[in-house]
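Structural features, examined
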Amino acid sequence: MSHPPSPSPEASPSAALLTTLSGFLRGTRYEGSLQSLLVCRPRIDQDSPEAIFTAILESMRSNSERDALTGLLNTSALEERLASALALARRHKSKVVLLTIGILEFRDLRDSLGRKKGDWILQWLAQQLRAVVRKEDILARDQNEFILGMAVSKVEDVEYIVSKLKDIFSHIVPMMEEHVLISLMIGASIYPNDGNNVDDLIAKSQTAMRRSPGGCQYQFFSDEMQRGAKDRLQMVQDIRDGLDRGEFAVYYQPKIDLLTGTILGFEALVRWLHPEKGMISPSVFIPVAEESGLVIPLGTFVLRTACIQLKRWHDMGHLHLHMAVNMASQQLRDDAIVQVVEEILAETRLFPDRLELEITESSAMVNIEKAIQLLASLRQRGIQIAVDDFGTGYSSLSYLKRFPITTLKVDQSFVRDLPGDLDSLEIVNAIIAMGRSLGFKTVAEGVETLAQEAVLRTAGCHAVQGFLYSKPIPAQEITPLLNKSYR
Ligand code: C2E
Ligand code: MG
Ligand code: MG
């Protein structure tokens, strides 16, 4: 690094000024401003003292506007620039779009990787964002989030900007030892539609981001969303009460062996039998349970109930039956899961290989190393591991190879359009062929017609599950079906 020339009786006024400034700034947050000035302009000591003074002031100003980690604008500079952008938009009757960009489950990711690698992800993302925004856009970092302000002539322009960001979505961040998959969440608010001051607009785009589904989609702020937040809080409380009051039940959907036509096992699917609202679908309450952490006690309830039920059917002589239970992403990050599963297996005295845990690619990818570690330790105990909704996530074989998988479940979205849709047909054939060659069992879900069944049989699929055979139903309705043949 360059150092200012040491003062000597003959030193030029400019060199002397640099020395004085250097002493002045040492230890302050502007120390780097002088250093970088000297690096960029090594012959600055030959400029006039006035020129040096102007240069250092400029450099200090830009340093005070920048965030040290990423070099993007910091929050105070962001507020200033946004306020000017809003003033301009007010005059020209134009719009300003504010995007808040966050990384899905970033806290967990950073906890598992360590702060240094977490910082590296933020720096990498800052670099990617800088590369896609226009020079006149306002890009800042606020802790773990990025804020992008853009003057646009129409709201549809957001689509265009988001499509430019698309390449970064679900991207693999290159790192030294491991590669990390990230999924971005984007929330948008618009001046003047959602507010007319900076604070309001930032808060609204942040609220919208928290509701964003992740992946390649963004979410606009709306008043409806604010109401949504209230409803969700209420639902968290209702789930908690529901767990205490025993409002949750487990339904079972048979899986049919395509070779023999008999039931080989079940998938356990949770149901909320709400006293006033009737039956609520898991796709409504599981996301809220996940957000609030309640999916852990709920998941344990489903696991225990399903294992106790399976044991009853085993005791009736159907020892070959197995039970598949869905695992939420949070359960795959919770060290306690291994012990919980062990305890339940011990309580029910089930063979571990009769239990199958269904994970989805996206839930396993949130914290890959942890998920691999926990699943490996469950697999070691003999428990089966299925990848649910296969084909809809990253489907990255290089990742999947590292998971101790025993079963692939072909997602119902591919089965739905069989046999007519050629794309689906090819995907289904490929997944089943690949699964077989890797030694996995294959199960197709969402089978509703005999034509679909025929295609799956030809493809060599092991088992099927769907409304063609049975909807998910309570245990007492399953018992009479146990000896049924589905040929
Ligand atoms: P999933 O694990 O992929 O479950 C399959 C879903 O497809 C179930 O929806 C099932 O009822 C439905 N299904 C089965 N056969 C057919 C068919 O032939 N046609 C159609 N259209 N649908 C069919 P369900 O029960 O509403 O569950 C939705 C999702 O909620 C599940 O998807 C799973 O991701 C989650 N879920 C359910 N129970 C639990 C649970 O105990 N824990 C966790 N973490 N998630 C659960
Ligand atoms: Mg499932
Ligand atoms: Mg599924």
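Residues numbered from 1 in each chain as written. Chains lettered and ligands numbered in written order. Predicted model: local features only at pLDDT ≥ 70, side-chain atom pairs only at ≥ 80, totals over all residues. Heavy atoms only, no water.

Now for the nonpolar core. Of all hydrophobic cores here, the largest spans 79 residues; its most connected members are Tyr252, Phe403 and Leu456. When residues in this core are grouped by element, the largest group, eight residues, is from helix 11 (residues 295-315). If you look at the next biggest cluster of nonpolar residues, it comprises 29 residues, including Leu72, Ile103, Phe146 and Ile190. (Core = buried A, V, L, I, M, F, W, Y, C linked by side-chain atoms within 4.5 Å. Buried < 20%, exposed > 50% of the residue type's maximum accessible area, 1.4 Å probe, protein only. Helix = DSSP H or I, 4+ residues; strand = E, 2+ residues; numbered from the N terminus.)

What follows covers the coordination of the magnesium ion (ligand 3). Distances from the magnesium ion (ligand 3) to its protein donors, Asp388 (OD), Asp389 (OD), Glu445 (OE) and Glu445 (OE), fall at 2.1 to 2.5 Å. Every donor residue of the magnesium ion (ligand 3) comes from the same chain, spaced as D-D-x55-E. The metal-metal distance between the magnesium ion (ligand 3) and the magnesium ion (ligand 2) is 4.0 Å, with aspartate 388 serving as a donor to both. Assessed through its relative accessible area of 25%, aspartate 389 is described here as partly exposed. (Donors = N, O, S within 2.8 Å, 3.2 Å for Na, K, Ca; no water.)

Here the focus is helix 5 (residues 106-113). Along helix 5, the positions that sit buried rather than exposed are Phe106, Leu109, Arg110 and Leu113. Considered in projection along helix 5, the buried side chains sweep an arc of 95° and stay on one side of the axis. Counted as exposed and oriented over 90 degrees from the buried face of helix 5: Arg107 and Asp111. Phi for glycine 114, located one or two positions after helix 5, is positive at around 100°. (Arc of directions from axis to C-beta.)

With respect to the element layout, arginine 110 can be found in helix 5. Classification of arginine 110 by relative accessible area gives buried; the value is 16%. Linking arginine 110 and isoleucine 121, residues 11 residues apart in sequence, is a C-alpha distance of 9.1 Å.

On to the site of ligand 1, then. For ligand 1, the set of nearby residues contains 22 residues, the closest of which are Arg271, Asp388, Gln412, Glu448 and Phe467. Here a nitrogen atom of ligand 1 and a backbone polar atom of valine 270 are 3.1 Å apart. The side chain of asparagine 326 places a nitrogen or oxygen atom 2.9 Å from an oxygen atom of ligand 1. Contact with the protein chains covers 82% of the free accessible surface of ligand 1, which is 800 Å². For the shell around ligand 1, the element with the highest residue contribution is strand 9 (residues 263-274), accounting for four residues. (Near = heavy atom within 4 Å. Polar contact = N/O pair within 3.5 Å; in protein donor to acceptor, adjacent residues only side chain to side chain. Areas by Shrake-Rupley, 256 points an atom, 1.4 Å probe, with all protein chains shown as cover.)

Our focus in this paragraph is the packing of helix 4 (residues 75-92) against helix 8 (residues 198-210). The geometry of helix 4 relative to helix 8 is characterised by a closest axis approach of 10 Å and an angle of 105° between their N-to-C directions. The angle between helix 4 and helix 8 places the two elements in the roughly perpendicular class. Of the residues in helix 8, those touching helix 4 at Leu78, Glu79, Leu82, Ala83 and Leu86 are Val198, Leu201 and Ile202. Class assignment of the residues belonging to the contact of helix 4 with helix 8 gives a composition of seven nonpolar, no polar and one charged. (Axes fitted to C-alpha atoms, helices over the stretch in contact; angles between N-to-C directions. Parallel < 35°, antiparallel > 145°, perpendicular 65-115°, else oblique. Contact = heavy atoms within 4.5 Å. Nonpolar A, V, L, I, M, F, W, Y, C, P; charged D, E, K, R; others polar.)

Coordination of the magnesium ion (ligand 2) by the protein involves Glu267 (OE), Asn326 (OD1), Glu358 (OE) and Asp388 (OD), with metal-donor separations of 2.0 to 2.3 Å. Linear spacing of the donor residues for the magnesium ion (ligand 2) on their chain is E-x58-N-x31-E-x29-D.

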